[in-house]
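Geometric and topological summary
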Amino acid sequence: MFRTFVMAAAIITLPVLSPSVLLGQQAPPSTQGQHRTLPRPTNLQVLPKDISTEDLLKVMHGFTQQLGVRCTFCHAEDATTHHPDFASDAKPQKNSARIMMRMTHEINTKYLAQIQDPDAMPEMKTVSCGTCHRGHSMPEIFTPPEQHEAPAKS
Ligand code: HEC
Ligand code: HEC
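Everything numeric in this text was worked out from a predicted model, so none of it was measured. (Residues numbered from 1 in each chain as written. Chains lettered and ligands numbered in written order. Predicted model: local features only at pLDDT ≥ 70, side-chain atom pairs only at ≥ 80, totals over all residues.)

What follows deals with the overall build of the protein. Counting its regular elements, the protein contains five helices and zero strands. Secondary structure of the protein in N-to-C order comes out as α-α-α-α-α. (Helix = DSSP H or I, 4+ residues; strand = E, 2+ residues; numbered from the N terminus.)

This is the structure:
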């Protein structure tokens, strides 16, 4: 799975594992100094196992921003230390996020890649978590405006 992930990233000539394939737009500036001391990940199932700490944290910070949540929305806390146990899969939201990562990747590489629209800016041609979530952990229900209102400009 992550072979195709990395390949897809290479095809659109972004840096390796390009968090932008997942997240769209520019990845947020990341990595506070203390994060660099994180242990090597032991439980990656979707992201490349050799991902750098910096790129991993870009992806993770992107999740928090695009869903409007903290790390512990997906990551369980250790009962005694109360620090996040990032490798743990105890919270169902973490596994939902894995499914979402695969889904987002597939939408971009399998479907959106078929749309030929040379005028669209690169960041318009992909969906990210934020395309649907827009800063909420659950996407909001879209209610179309009343008919008499001016239609939204496309
Ligand atoms: C929307 C859910 C979500 C949020 C929010 C989130 N993460 Fe994650 N995180 C994941 C998922 C899913 C994985 C596993 C990815 C995989 O299987 O390839 C992961 C994996 C990790 C890992 C690797 C753990 C290991 O040993 O395998 C670290 C470290 C991590 N996240 C840190 C963070 C930090 C720091 C934050 C907050 C800035 C954060 N995460 C926010 C979903 C999330
Ligand atoms: C195509 C639209 C779409 C995209 C793109 C998308 N999501 Fe979602 N996401 C949803 C919908 C809809 C739900 C609600 C599913 C349900 O409750 O059955 C959801 C639910 C979730 C949940 C569970 C929330 C909860 O309260 O338990 C998580 C976590 C999540 N998404 C993370 C992500 C992440 C991370 C990404 C980007 C990698 C992403 N989503 C991309 C539509 C999307």
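Resuming the write-up.
Neighbouring residues of ligand 2: 17 residues in total, closest Ser 96, Ala 97, Met 100, Cys 129 and Cys 132. When contributions to the shell around ligand 2 are tallied by element, the ones reaching two or more residues are α3 (53–67), α4 (92–111) and α5 (129–133). In terms of residue count, the dominant contributor to the shell around ligand 2 is α4 (six residues). Tallied by class, the residues present in the shell around ligand 2 amount to 11 nonpolar, six polar and no charged. (Near = placed C-beta within 6 Å. Nonpolar A, V, L, I, M, F, W, Y, C, P; charged D, E, K, R; others polar.)

Positioned with a positive phi, His 82 is a non-glycine residue whose angle comes to about 65°. Mapped onto the elements, His 82 comes out in the loop between α3 and α4. Not every positive phi belongs to a glycine, and Arg 134 is a case in point at roughly 50°. Within the secondary structure, Arg 134 is located in the segment after α5.

Bringing the site of ligand 1 into the picture now. Taken together, 25 residues form the shell around ligand 1, and within it Pro 41, Met 60, Cys 71, Cys 74 and Ala 87 come nearest. For the shell around ligand 1, the secondary structure elements donating two or more residues are α3 and α4. Element by element, the count of residues in the shell around ligand 1 is highest for α3, at six residues. When grouped by side-chain class, the residues that make up the shell around ligand 1 number 16 nonpolar, seven polar and two charged.

Moving on to α4. For α4, with 20 residues, the first-to-last C-alpha span of 27 Å sits near the 28 Å given by 1.5 Å per residue. Those residues of α4 that fall on the buried side of the exposure criterion are Met 101, Thr 104 and His 105. Summarising the axial view, the buried residues of α4 lie within an arc of 95°, below the 170-degree limit, and thus occupy one face. The exposed set on the far side of α4, more than 90 degrees from its buried face, consists of Pro 92, Ser 96, Ile 99, Met 103, Lys 110 and Tyr 111. (Expected span 1.5 Å × (residues − 1). Buried ≥ 20, exposed ≤ 12 C-beta atoms within 10 Å, placed from the backbone. Arc of directions from axis to C-beta.)

This part takes up the nonpolar core. If you look at the biggest cluster of nonpolar residues, it comprises eight residues: Leu 47, Ile 51, Leu 56, Leu 57, Val 59, Phe 63, Leu 67 and Cys 129. Top element by residues in this core is α3. It accounts for five residues. (Core = buried A, V, L, I, M, F, W, Y, C linked by C-beta atoms within 7 Å.)

This part takes up the environment of Arg 134. Among the residues examined, Arg 134 registers 12 C-beta atoms within 10 Å and is labelled exposed. Along the backbone, Arg 134 and Gln 66 are 68 residues apart, and their C-alpha atoms lie at a distance of 6.0 Å.

We now examine α3. Here α3 is 15 residues long and its end C-alpha atoms lie 21 Å apart, about the 21 Å a rise of 1.5 Å per residue gives. Of all the residues in α3, the buried ones are Leu 56, Leu 57, Lys 58, Val 59, His 61, Gly 62, Phe 63, Gln 66 and Leu 67. Note on α3: the residue one or two positions beyond its end, Gly 68, has a positive phi of about 65°.

Looking now at the environment of Thr 42. The topology assignment puts Thr 42 in the loop between α2 (19–23) and α3. With 45 residues separating them in the primary sequence, Thr 42 and Ala 87 have C-alpha atoms 6.4 Å apart.

Right, let's talk about the confidence of the model for the protein for a bit. For the protein, per-residue confidence averages 82 on the pLDDT scale, and 73% of positions sit at 70 or higher. Every residue in residues 1–18 is under pLDDT 50, and counting partners more than four places away or in other chains gives 21 contacts. Of the regions scoring below 50 in pLDDT, residues 24–34 engages in 25 contacts with residues more than four places distant in sequence or in other chains. (pLDDT = per-residue confidence, 0-100. Contact = placed C-beta atoms within 7 Å.)

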